[in-house]
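Structural description and commentary
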Amino acid sequence: MKWRPARLSSPLSPLLPISPLVSPTLGTLSVPSKLRNRIPSQMRRTFPAYILIVTLLILLFKAEVFPSRPIPASSSSATTKRSHLQKPLGSSSSHYPLQDGDFPKKIWQTWKVDPYNFAKRDKNTARTWTNKNPGYRYEVLTDHNDLLYVESKYGSGPGGLNRLDIVEFYKTVTAQIIKADLLRYMIMYADGGIYADIDVEALKPAERFIPTRYNASDIDMVIGVEIDQPEFKKHEILGGKCMSFCQWTFMCKPGLPVMLKLIENIMTWLEDLAKAQNVSSVGEVELAFDEIISGTGPSAFTGAILEDMNSKRKGRGQKITWDNTFHNLDESKLVERVLVLDVEKFAAGQGHSDSGNHNARGALVKHHYHASNWPSKHPRFKHPAHGEVERCNWDAECVRKWDEDVAKWDSLSEKQKKKILDTKKKEYEQEMERLQKEKEQAEALERLGQAERERKELEEEERLRKKARMEETFRKAVEEDKKKKNQQALLGAAGLGSLQQEGLSPGRQGHKEMPPPDFGFVPPAPVPAPVPAPGFPPSL
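What counts, and at which threshold
- Residues numbered from 1 in each chain as written.
- Predicted model: local features only at pLDDT ≥ 70, side-chain atom pairs only at ≥ 80, totals over all residues.
- Heavy atoms only, no water.
- UniProt positions renumbered as here; feature names shortened; annotations may be inferred.
- Buried < 20%, exposed > 50% of the residue type's maximum accessible area, 1.4 Å probe, protein only.
- Helix = DSSP H or I, 4+ residues; strand = E, 2+ residues; numbered from the N terminus.
- Pairing = 2+ DSSP bridges.
- Phe/Tyr/Trp six-rings, centres within 6.5 Å; stacked < 30°, edge-to-face > 60°.
- Lys NZ or Arg CZ within 6 Å of the ring centre and 35° of its normal.
- Contact = heavy atoms within 4.5 Å.

The name given to the chain in an unreviewed UniProt entry is Nucleotide-diphospho-sugar transferase, and the organism recorded there is Triangularia setosa. Under the UniProt heading Sequence similarities (unreviewed entry), the note attached to the chain is "Belongs to the glycosyltransferase 32 family."

In structure tokens, the structure reads:
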């Protein structure tokens, strides 16, 4: 093909001016023809294939980088079909990845009011957690902000788990102890960290929860034994709560499937109970003391953990039970990534289960029980004459005597029953009187202690005031001395210091100033000469 130069009027010649006689439109229309002459025919024929390949590549790239988002399920379907809900956080499709390193440095507590309105005793116990763990975040969920937390963590909003069924269930629960148990499990699943009841005092820093021989990356949860009395497992009343882990204090990493399973177990249990009682909502269910213990409390907590341990083991070795793994535990034990501490760590000073006392070296927390008044709101078996077997506090002889007395009750005559009731009533009144006297004595001692503390505070305030006055006097003296030294330095710099030393005042150089008279010293009068005695010969 013979090469031909472009005309001067060609718009494709950037180095040559366009002729004004040529129409720009006509010049533009002529571009394809000129390109056709410059591009080989083989290339022109493959243009459609090139365009198709580029389009397919763009579509594939868009599908990989910007995957289509699934349409969220409606609120009604979320509350009825749990099989299509979010998987546990520990799975491969988890919302948050399960942590392999350290536990979150967060301390959680729940209570009726916020920390600014805590009672003095609650404030004192809460401060032990922040004082012992200054590097941890501390947060309290209250009756006023708990729902906001649940909706933000389990709702369908940004960062939520899209578990609207859990949110709706939490809204319908009315029993405070159920909500308290449920909320602690929800916190541990969503955020992890340390949970402690409001009446639990920290005795040691949280770093002591894991002994130095363990690595935190090998542990998902830290719990402690609370009740270890398996000899009562066949007891009609005590059997369901004689072996349990402590859930007033424990530590978790976020996203543990066992926590989600525990939440769902509670939901199923309470919904079934509502059906059994023929009520329309779980908020109308009437709950006894033992039902709460087994449904949401320590027994439910323990059962879920044992089940999770055995599911992880999957037939490797013998089945994990309380008797063969945790009974008489005298040191910590790591079982399927759960570190179980002996009873002394979280539950010292209970008076049972060989729990020792709070002065023991290994005690990590102290439970004061002043916030544990929920049993009074939920009935439990109380014999009209012999009271509650729980008052035996797991003492074997006391429990045996209680069982015998209760068994004999039905065989007694009405007269014998009345006599026993009168005796028990008198004993009860005496016990109440004794407790009242002890309370009054304690209050009197508290008043004396308060008066002594106030006296010492006044003495300390007076001491501080005296110290402040002395410091102020010393400060003024130092300032005055400094001022004089500065004046002398200024006079010396102006050359007036020598004049003052010579007694001359500034402006009167050459005139001697008479020193002021000194009236402070009067010289003594001269002593007269002695008079010669008569007859004394005159001197020659």
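1. Some points on the pairing of strand E9 (residues 338-341)
Here E9 shows two buried faces, one formed by Val338 and Val340 and the other by Leu339 and Leu341. Pairing of strand E5 (residues 221-228) with E9, which is carried by four bridges, proceeds in the parallel orientation. Paired with Gly224 across the two strands is Leu341, which belongs to E9. Direction of pairing for strand E8 (residues 333-335) relative to E9: antiparallel, over a ladder of three bridges. Pairing of Leu334 across the sheet is with Leu339, part of E9. The turn joining E8 and E9, which pair antiparallel and follow one another in sequence, is formed by two residues; a positive phi near 50 degrees is taken by Glu336.

2. Here's the deal with the packing of aromatic side chains
Working definition: an aromatic ring pair is given by the centre-to-centre distance plus the angle between the planes. One pass over the structure, following the stated rule, counts 12 aromatic pairs. By the ring-pair criterion, three or more aromatic residues cluster together here, those being Tyr185, Tyr195, Phe250 and Phe301. Stacked on the ring of Phe103, the Lys or Arg Lys253 has its end atom at 5.1 Å from the ring centre. Positioned above the aromatic ring of Phe289 is the side chain of Arg380, whose terminal nitrogen or guanidinium carbon lies 4.2 Å from the ring centre.

3. As for the side chain of Thr142
Position of Thr142 relative to the elements: it lies in the loop between strand E2 (137-141) and helix H6 (146-154). If we ignore the near neighbours within four places in the chain, the residues touching Thr142 are Trp111, Lys112, Val113 and Asp114.

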